[in-house]
Amino acid sequence: MQRSVLYRLLLLMMLSACGTTPAQHPTTTSVAAETPAILAAEITPEAQNYPLLTAYQQVINQALTATPPVLTLGSLDSQQAMAQIVALNEPKLQSQFVDQTGTPFRNEVFGVVPVRESDIIEATAACLQVSCYRVEVYNFALNLTLAITVDVSNQKVIVVERLANSQPDIPEYLTAVAREIASNAAEVEQALGYKPTSDQAVMANTKTALNATRCERSIHLCVAPTFVAGERALWAIVDLTDTRLVGVRWTNVGATGPAVTEKGMQNEAVLKYCDHTTRLERDGWAFDYMLTSSDGLRISDVSYQGKPLFKSAKLVDWHVNYSERDGFGYSDAVGCPYFSQAAVIAVEPPMIGEIRENDQVVGFQLVQEFWSELWPEPCNYYYEQAFYFYFDGRFRPAIASVGRGCGDDGTYRPVTRISLAETGTISAWNGTQWQAWQTEQLQGADTRQINPDGAEYRLDLANGESYTIATGRGQFDDGGRGDQAYVYATLDHPERDEGESDMVTIGPCCNTDANQGPEQFIDNPPESISNQHIVLWYVAQLKNDDTPGSQYCWAESVLRRGVYIPEEYPCWSGPLFQPVRGK
Amino acid sequence: MSRRKKRPTSAQPVAKASQIASTKATKAQHRRSLLAVGSVLAVLSVLGLGLWWVNRSSATASNFPVGEVTSCKQIPPFAQAQGFGVNAVLDTQARRVRGMVMYDLTSDGQEASQPAPYQHPSWSKAGYLSSPILDRDGAIYVGAVPWVSILYNPPAAANKVYRIDPRTAELSELLDLPTAAPANNTNPYGILALNYDCNTHSLYVSSVLGSTKDQQFGRIFRVDLATNKASIVIDGVDSFGIGVYNGNTGKRLYYALARQPQIYSIALDNQGNPTGQPRQEIDFSGQGYHGDERGRRISFGDATMQVRIVQFDYTLTAVTNPNETTLSYRYNPQTDSWQAEP
């Protein structure tokens, strides 16, 4: 605040000096939502509660095996029916209904409407003399519309318009499906305080887009059944491509404001984790967590069974280097989706789930995903960050890239920073015994030795606790093929802030050696770290692979049931901290 | 381990994306900042037609002809000295090189190999750059705008305006514009856009440096290029694209808000300083690919305004397909306002 005042004083002095008076922009007030958006959980609908959806999915399946693979529109008069038949059997259109391999897209006729005189353009001038209909076919996979003008009198197609990023008005049966999905959703019931009937949903056939979709991240067909309650309206965005609820959000009836969209809902749900820390106490573990501007998900004040373990742990940077292009790559920060230094952003809140081993729940995990909007298209990225907390005191900060990146010659180097809460000493296995690191240093995979228990390092903390640390060598049953990690131990310098607060980009993208950033905190000469507050840095090296059958750090779009879905090949990395028992 | 299974599926087929991204050089080079998309600017062929503004600074508000105010821009002499022709471009979004690069275009719009692309050694020292703006003498002005990371664009330099000498091609700092609040780690941006007014030989600069999620500390500056002195035109607003137009009632500075899909304007006097209060000109809510875009660039013709709109969230996200939309408006001299064109 004082700083702000100082700046304003300086401004006044400056204005006095130059003699001009800056104008003030009209004050605009943005009203924060009283009730933030709620993102919907993904569920498997039970058929008895979703008869319309169940029937719809059955006819989709039938259409995908039909010739042509198009779900036709029913309840048409004879002229409309003829127009639909002519349009869908037009030989030149058959390739539009399938991909290059002949696999069908999910196509549906949304409307068959007479061409009015006012609609006629030069290309359809013939319709001034004959009876014409416009057949609108929506392609869910490509999010485009084929608008086919048919001369019914002569049973021929006059013109076909291919409208990219365009969605026609949805037919009545889809309106009913959207209402059914919304009115059965637990999130809607929770928000309204009662379970609505589908008739109570209004405006279901009002697409949330005018010129293009407003499920702007998924690029899906979405509609927004709305439930009015007094002066407020509950918007329930339904994704008709995935046939699921995206989320719900209250608005004030008649108030103007930004449109309610998928992205808006997602950001609203995520941003509260950017603004505040959240405390979690569970299964002997206690910690705070928060989404940062550029260091991913950060956990802090971590303790196990009441004993402090970590001051903080976070994901500082992703260094992505492409070997076939010298010096080409990116230093990606991950973090919040609004006002942040992140290049790859969180689109959903942190998630908490179980950890299972041999069908037994053995702990819980805190997971955060970050992604680029067009992933898995080339040059878009999807990163996962997870903290694994085991009932028995084991802990693992895990990181994965899910591709796809800019090429098949990429190496990902995520930089993880772990600050210990207690003073302690780190030792490395030298082949016969644990040897303490007296001073700051780093070590690569090529000089590391593995002790009989499978660990390479050991931490002995002042509170009497000890942990072994095993780097990723493909032993964690998560598909990881080994981290080839660099491990750095530096002295914690709170007075210098060597990364405890949000870090700016720590280093360039493309160094292929240990110069990934943490080495800058190894002093010259290296400082003592024996029985000190130590910061551990862990930089895995993950080489991607797009070879069919052995993909790694990779993702592809594949056509399934008529729509594109991502096929994921994550490369998980990260060390495992394991308590030393019976010392 | 049980993992919650994914959400959105990007619906675009890889093959299609590859086609989109393969128009020039490698796909990798097309990962672009929203801010820099389309910043291949200053097509010298246009300038090479000999468009030359003749009124210079003697004009007054009453005799400024109605229309755009940038036609006096001149080709930098260094470009011709380097052998570049009328098709040369100054490119600040060629991500394979940091800063700015100059090259000729082939007849099909691709980067020509001859003459070899040119980058003065000083052009990379300020990091990634904004769209370049030329003045009547061929001098070029740019701001530092980060791309993907702030590694080469530290926030401390985010409010610096750089000038490229029209004869030597040397890039040097012209001004470090004063900020209303210090840079912070949630907003990586400072200068977002620049534009030029031939009539008053003024450079206008929009900056959002120091702004936070909850408070706007942005400013619009006027730099008098005769004295290189900066003054604040509007304070306390985050604005993006800016441009000057001479309307029926005089000269106005138009500015797009960085937080809302709206364009405002404020009257300028003969010297290019603000008079009166801002007024809203255009609300383009619901338009564009996402329906909630911001006006990244404002450009004028004699009676037309074009606004390029993109998403902008104050992050460093870089998208392969920014889905930029161009909105067109026509000037109505009777009402001194702008109507959308179909």
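The structure presented is a predicted model; accordingly, all values stated were derived computationally and were not measured.

Draft legend 1. Structural detail: the overall build of chain A. When helices and strands are counted, chain A shows six helices and 34 strands. Counting only C-alpha atoms, chain A reaches 90 × 70 × 55 Å along its principal axes. For chain A, buried positions account for 48% of its 583 residues. Contacts spanning at least 24 positions in sequence make up 61% of the contacts within chain A whose residues lie at least 6 apart.

Draft legend 2. Structural detail: the overall build of chain B. Looking only at helices and strands, one finds three helices and 22 strands in chain B. The buried share of chain B, taken over its 342 residues, is 56%.

Draft legend 3. Quick look at the nonpolar core. Val344 of chain A together with Tyr141, Leu203, Tyr204, Val205, Phe221 and Leu253 of chain B are the most contacted members of the largest nonpolar core, which has 178 residues in total. Ranked by residue count, the leading element in this core is strand β21 (residues 381-390) of chain A, at eight residues. Among the nonpolar cores identified, the runner-up in size contains 61 residues, and Ala63, Phe140, Leu174 and Val248 of chain A belong to it.

Draft legend 4. Layout of helix α4 (residues 172-184) of chain A. Residue and element names in this part refer to chain A. Across its 13 residues, α4 extends 18 Å between first and last C-alpha, which sits within 8% of the 18 Å expected from 1.5 Å per residue. For α4, the set of buried residues is Leu174, Thr175, Val177, Ala178, Arg179, Glu180, Ile181, Ala182 and Ser183. Here the buried face of α4 lies against α2 (51-64), α5 (186-192), β8 (222-223), β10 (232-239) and β11 (244-252).

Draft legend 5. Spotlight on the environment of Ala116 of chain B. All names here are of chain B. Relative to the helices and strands, Ala116 resides in the loop between β5 (101-103) and β6 (133-134). Residue classification places Ala116 among the exposed positions, given that 11 C-beta atoms sit within 10 Å. Here the alpha-carbon distance between Ala116 and Phe84, two residues 32 residues apart in the chain, equals 9.3 Å.

Draft legend 6. Representation of the sheet that holds β6 of chain B. Within the open sheet, the four strands sit side by side as β6-β7-β8-β9 (chain B). Their pairing is antiparallel. Each edge of the open sheet carries a strand with a single partner, namely β6 and β9 (171-176) of chain B.

Draft legend 7. Highlighting the pairing of β10 of chain A. All names here are of chain A. Taken across its eight residues, β10 has seven buried, putting it largely inside the fold. Of the strand pairs in this sheet, β8 and β10 are connected by two bridges, and their pairing is antiparallel. Within the sheet, the bridge partner assigned to Val223 lies in β10 and is Val238. The pairing of strand β9 (residues 226-229) with β10 spans four bridges and is classified as antiparallel. Of the residues in β10, the one forming a bridge with Ala229 is Arg232. Counting the residues between successive antiparallel strands, the hairpin from β9 to β10 contains two residues, one of them, Gly230, with a positive phi of roughly 65 degrees. With eight bridges joining them, β10 and β11 adopt antiparallel strand pairing.

Draft legend 8. Spotlight on helix α6 (residues 262-275) of chain A. All names here are of chain A. Here α6 contains 14 residues, and its C-alpha end-to-end distance of 21 Å stays within 8% of the 20 Å for a straight helix at 1.5 Å per residue. Of all the bends in α6, the greatest, near 25 degrees, is centred on Ala269. For α6, a buried count of 10 out of 14 residues is recorded, marking the element as mostly surrounded by other parts of the structure. Among all positions of α6, only Glu262, Lys263, Gly264, Met265, Gln266, Asn267, Glu268, Val270, Tyr273 and Cys274 are buried.

Draft legend 9. Seen up close, the packing of α2 of chain A against α4 of chain A. Residues and elements named next belong to chain A. Relative to each other, α2 and α4 sit at 130 degrees, their axes nearing to 8 Å. On the basis of their axis angle, the class for α2 and α4 is oblique. Considering only the axes of α2 and α4, their crossing is left-handed. Note on element contacts: α4 touches α2 through Ala176, Val177, Glu180 and Ile181, opposite Leu52, Leu53 and Tyr56. Residues of the contact of α2 with α4, tallied by class, amount to six nonpolar, no polar and one charged.

Draft legend 10. Representation of the environment of Ser501 of chain A in the model. Tracing the chain through its elements places Ser501 of chain A in the loop between β28 (486-491) and β29 (532-539). Put simply, Ser501 of chain A and Asp295 of chain A are 206 residues apart on the chain and 9.1 Å apart in space, counted from C-alpha to C-alpha.

Draft legend 11. Structural view of the domain arrangement of chain A. Residue and element names in this part refer to chain A. With domains assigned, chain A is organised as domain 1 (74-164), domain 2 (171-260) and domain 3 (276-579). Using only C-alpha atoms to locate each centre, domain 1 and domain 2 end up separated by 29 Å. With five residues of domain 1 in contact, the opposing surface of domain 2 contributes five residues. Tallied by class, the residues present in the side of domain 1 that touches domain 2 amount to three nonpolar, two polar and no charged.

Draft legend 12. Expanded view of the sheet that holds strand β16 (residues 262-268) of chain B. With antiparallel pairing, five strands are arranged side by side in an open sheet as β3-β14-β15-β16-β17 (chain B). Two strands in the sheet have a free side with no partner beyond their single neighbour: β3 (67-68) and β17 (274-283) of chain B.

Draft legend 13. Spotlight on the pairing of strand β20 (residues 360-371) of chain A. All names here are of chain A. By the bridge criterion, two bridges tie strand β18 (residues 344-346) to β20 in an arrangement that is antiparallel. In the sheet register, Ile345 faces β20, and the bridge partner there is Trp371. Bridge analysis of strand β19 (residues 351-357) against β20 gives seven bridges, and the strand direction is antiparallel. Note that in β20 the partner of Ile355 across the bridge is Gly363.

Draft legend 14. The arrangement of the confidence of the model for chain B in detail. Residue and element names in this part refer to chain B. Mean pLDDT over chain B stands at 82; residues scoring 70 or higher make up 80%. Low confidence marks residues 1-62, where pLDDT is under 50. Its contacts with residues over four positions away, or in another chain, come to 140 contacts. Both scores are given for the predicted complex: the pTM is 0.87, the ipTM 0.86.

Draft legend 15. Up close: unusual backbone geometry. Residues and elements named next belong to chain A. For the bond running from Gly403 to Arg404, omega is -15 degrees, close enough to zero to count as cis. One can find Arg404 in strand β22 (residues 395-404). Put simply, Asn524 and Pro525 share a cis peptide bond, and its omega is 0 degrees. Assignment of secondary structure puts Pro525 in the loop between β28 and β29. Here Asn143, not a glycine, exhibits a phi torsion of approximately 50 degrees, which is positive. Of note, Asn143 is situated in the loop between β5 (132-139) and β6 (144-151).

Draft legend 16. Region of the structure containing the confidence of the model for chain A. When pLDDT is averaged along chain A, the result is 90; 92% of the residues meet or exceed 70. Note that pLDDT drops below 50 for residues 29-33 of chain A; the model gives that stretch one contact with residues more than four away or on any other chain.

Draft legend 17. Quick look at the environment of Asn89 of chain A. Secondary-structure assignment places Asn89 of chain A in the loop between α3 (78-88) and β4 (107-114). The class of Asn89 of chain A is partly exposed, set by 13 C-beta atoms lying within 10 Å.

Quick notes on the rules
Residues numbered from 1 in each chain as written. Chains lettered and ligands numbered in written order. Predicted model: local features only at pLDDT ≥ 70, side-chain atom pairs only at ≥ 80, totals over all residues. Helix = DSSP H or I, 4+ residues; strand = E, 2+ residues; numbered from the N terminus. Buried ≥ 20, exposed ≤ 12 C-beta atoms within 10 Å, placed from the backbone. Contact = placed C-beta atoms within 7 Å. Core = buried A, V, L, I, M, F, W, Y, C linked by C-beta atoms within 7 Å. Expected span 1.5 Å × (residues − 1). Pairing = 2+ DSSP bridges. Bend = angle between axes of the 7 residues up to and from the residue. Axes fitted to C-alpha atoms, helices over the stretch in contact; angles between N-to-C directions. Parallel < 35°, antiparallel > 145°, perpendicular 65-115°, else oblique. Left-handed = near helix turned anticlockwise from the far one by under 90°. Nonpolar A, V, L, I, M, F, W, Y, C, P; charged D, E, K, R; others polar. Domains from an automatic or database assignment. pLDDT = per-residue confidence, 0-100.

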